[in-house]
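Residue-level structural notes
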Amino acid sequence: MTAFSSRIPAMDVLRGCAVMGILWMNIAAFALPEQAYFNPTAAGPLSAGDILFWAISFLLVDGKMRALFSMLFGASMLLLIDKEEMAGRDGRRAQMIRAAWLFLFGLAHYLLLWWGDILMIYALVGLAALLFVRKEPLSLVKWAFFFFLAHFLVCASFIGTLYAWGHAAAAPGAAPQISAGFANFIGSISDPGHPAIRDEIATYQGGYGGILRHHVALFGGQWVTTLPFVTLDTLGFMLLGMAMLKGGFLTGRWQAEQYWRTARHCFLIGLIPMAALAWWVTATGFAALPALGTVLSWSFPFRIPLAVGWAALILWLVTRFSPSAILARIAAVGRLALSNYLGTSLLMCAIFYGWGLGLFGHVPQKILPLFVVGAWAAMLIWSTLWQRRFALGPAEWLWRSLAHGQAQKIRNSD
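So, here's what we can say about the structure. (Residues numbered from 1 in each chain as written. Predicted model: local features only at pLDDT ≥ 70, side-chain atom pairs only at ≥ 80, totals over all residues. Heavy atoms only, no water.)

What follows covers helix α6 (residues 137-170). With 34 residues, α6 extends 49 Å between its outermost C-alpha atoms, agreeing within 8% with the 50 Å of an ideal straight helix rising 1.5 Å per residue. Along α6, the residues that are buried comprise Leu140, Ala144, Phe147, Phe148, His151, Cys155, Ala156, Ile159, Leu162, Gly166 and Ala169. Tucked inside the fold, the buried residues of α6 contact α7 (176-190), α11 (231-246), α13 (288-298) and α14 (300-321). (Helix = DSSP H or I, 4+ residues; strand = E, 2+ residues; numbered from the N terminus. Expected span 1.5 Å × (residues − 1). Buried < 20%, exposed > 50% of the residue type's maximum accessible area, 1.4 Å probe, protein only. Contact = heavy atoms within 4.5 Å.)

Take a look at the structure:
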C-alpha cells in the first residue's frame, strides 16, 4: 500500500466544506417534518422564497455533500489502515474497532438527539468497504459504479411500484382499500394536514421524553427499512473516494488547471439535467410522486458528477489560493468534523425541538439559511480557537481513546 501522510491539508478543507454543506441540507430535517425533506409542500404552502431555497438545495447540495463526505470517509479508511500497518499493527482490525465505536456514537446520536444520523450507516458500510482496500484505482471505480447502478435500480423499482399502486388505485372498479391506502400514503408525504405529519409536529414541539420514545420506535422500524436506500450509494462513494486518494486527486497533487477542467465538465454534465428535473417538479406543483421520485431516484445519476465537481472545485481553490485565512479556518472545521457534526445536531435540536426553543414547524423555509449561516460562523470560530490549544476535537478524542483502549493526547502542549 502506498504510504500517505495521516494529515492531508487539502482533505481537511474538503471535509470542512462537506460538514458545513451537510448542515445546509439537513436544516429542513431539523426544523420541519421529515416528509418536507423530500417534498417541501409537506410543511405547508410555499412562497417564492421557499421554492428558491428548495431549488438551491436540490441543485447544489442534496446528496452531493453526503457523497463528498462518503468519499472522504473511504479515503480516510485507507489512511488509517496504512498508518496502523506502518506501525506494525493490523490495520483492518483497527478499522473494525473504530467502526464499532462509531456505530455506538451514531446510535446515541440517533436516539438522544436526531433521527437523521449517518454515523451508523458509515460504520456498517465501512466494514463492507474493507473488502476493497487492496484494489487498484480503476477496479475501485468499476465497483463504485456497479454499486451506483444497484442503488439506482433499488430506488427506481420502489418508485415504479408506487406508480403501479397509483394506477391500480385509479382504475375503474379498484378495491376501496387499495384506493384508500394509496390516498393515505400520498397524504402522509405531501399533505401538511395529514394526521401523521400533525403528530410528528406535535411530538417535536413537545418534551424530551416524547421525542426519545419516538426515536426508539423509529429505530425499531423505519431505520431498518431505509437501509436499502442509503447503503449501496454510500459504499459506491466510499470506493470512489479510495480511488481518488490512490490517484492523488484528493491529496491536492493535481495541477490547478486539471481541477478546474474537471469541475467545469462535471457541473456541465450534472447541472443541466438537474435543472430540468427541478423545473418538472415545480411545474407539477410538487406532486407527491414526481417530487419523491426525483429526490430519491431520478436525480441520483447526476449527483455523481456534481459530487466530483464539488471536490474538484474546492481543490482548485485550495491549489490556487493557499495559503488563505478562510481556507485555514475551513480546514480547522474539517479536522473537527465529528465534533462539528454532532455539535450542530445538538445546537439545531436545542433551537427547534420542544425541549429547547420549540421553533419546530414554525420557521418558513426561506428563513432556514440564516440558521445555517449562523452555525457556519460558529463552526469557523470555535474550531480555530479550539485547535490553538488542543490537537483533537472532543468527539474525536473520545472516539480515538475508546478505539485505542486508553486516553489519547489532546492538548497541543503535552
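So, about the packing of aromatic side chains. Under the defined criterion, the tally for this structure stands at 38 aromatic pairs. When the centroid spacing of 6.1 Å and the interplanar angle of 70 degrees are considered together, the rings of Tyr353 and Phe360 count as edge-to-face. A network of ring pairs unites the aromatic residues Phe103, Tyr110, Phe219 and Trp223 as a single cluster. It is Arg98 that lies over the ring of Trp399; its NZ or CZ is 4.1 Å from the centre. (Phe/Tyr/Trp six-rings, centres within 6.5 Å; stacked < 30°, edge-to-face > 60°. Lys NZ or Arg CZ within 6 Å of the ring centre and 35° of its normal.)

Bringing unusual backbone geometry into the picture now. Here the bond from Ser322 into Pro323 is cis, since omega is -5 degrees, no more than 30 degrees from zero. Here Pro323 is to be found in the loop between α14 and α15 (325-335). The backbone phi angle of Phe286 is positive, close to 60 degrees, even though this residue is not glycine. The residue Phe286 is located in the loop between α12 (256-283) and α13 in this model.

Another point: the pattern of salt bridges. The tally for this structure, following the rule as stated, stands at six salt bridges. Salt-bridge contacts for Asp12 lead to Arg335; the nearest nitrogen and oxygen are separated by 3.4 Å. Taken together, the residues Asp12 in helix α1 (residues 9-31) and Arg335 in helix α15 connect sequence positions 323 residues apart. When salt bridges that share partners are traced, they join Asp12, Arg15 and Arg335 into one network. (Salt bridge = Lys/Arg side-chain N within 4 Å of Asp/Glu carboxyl O.)

Residue position: Leu277 is located in helix α12. Residue class for Leu277 comes out buried when judged on its relative accessible area of 14%. Considered as a pair, Leu277 and Arg264 are 13 residues apart in the sequence and their alpha carbons are 20 Å apart. Not counting the four nearest positions on each side in its chain, Leu277 is found in contact with Phe58, Thr294, Trp298, Ser299 and Phe302.

As for its position among the elements, His194 is in the loop between α7 and α8 (195-204). With relative accessibility at 11%, the residue His194 sits in the buried group. Filtering out sequence-adjacent residues up to four positions away, His194 remains in contact with Asn184, Gly187 and Ser188.

Before going further, it helps to examine α13. Across the eleven residues of α13, ten count as buried, placing the element largely inside the fold. For α13, the full list of buried residues reads Ala288, Leu289, Pro290, Ala291, Leu292, Gly293, Thr294, Val295, Leu296 and Ser297. Those residues of α13 that are buried are in contact with α2 (48-61), α6, α7, α12 and α14.

Bringing a nonpolar patch on the surface into the picture now. On the surface, a cluster of nonpolar side chains totalling about 360 Å² of accessible area is made up of Leu112, Tyr208, Leu346 and Trp355. Relative to the assigned elements, Leu112 resides in helix α4 (residues 91-112). (Patch = residues over 30% accessible without salt bridge, like charges linked within 9 Å, V, L, I, M, F, W, Y side chains within 5 Å. Areas by Shrake-Rupley, 256 points an atom, 1.4 Å probe, with all protein chains shown as cover.)

A few words on the nonpolar core. Counting 121 residues, the largest nonpolar core has Trp114, Phe237, Leu239, Phe352 and Tyr353 as its most contacted members. Per element, the largest residue contribution to this core is 16 residues, and it comes from α1. Ranked by size, the runner-up nonpolar core spans eleven residues in total, among them Cys155, Leu162, Ile186 and Ala288. (Core = buried A, V, L, I, M, F, W, Y, C linked by side-chain atoms within 4.5 Å.)

On to the packing of α7 against α13, then. Contact geometry for α7 and α13: axes closest at 10 Å, N-to-C directions at 60 degrees. The orientation of α7 with respect to α13, classified from their angle, is oblique. Remark: the crossing between α7 and α13 carries left-handed chirality. Together, Phe182, Phe185, Ile186, Ile189 and Ser190 of α7 and Ala288, Leu289 and Leu292 of α13 make up the contact between the two elements. (Axes fitted to C-alpha atoms, helices over the stretch in contact; angles between N-to-C directions. Parallel < 35°, antiparallel > 145°, perpendicular 65-115°, else oblique. Left-handed = near helix turned anticlockwise from the far one by under 90°.)

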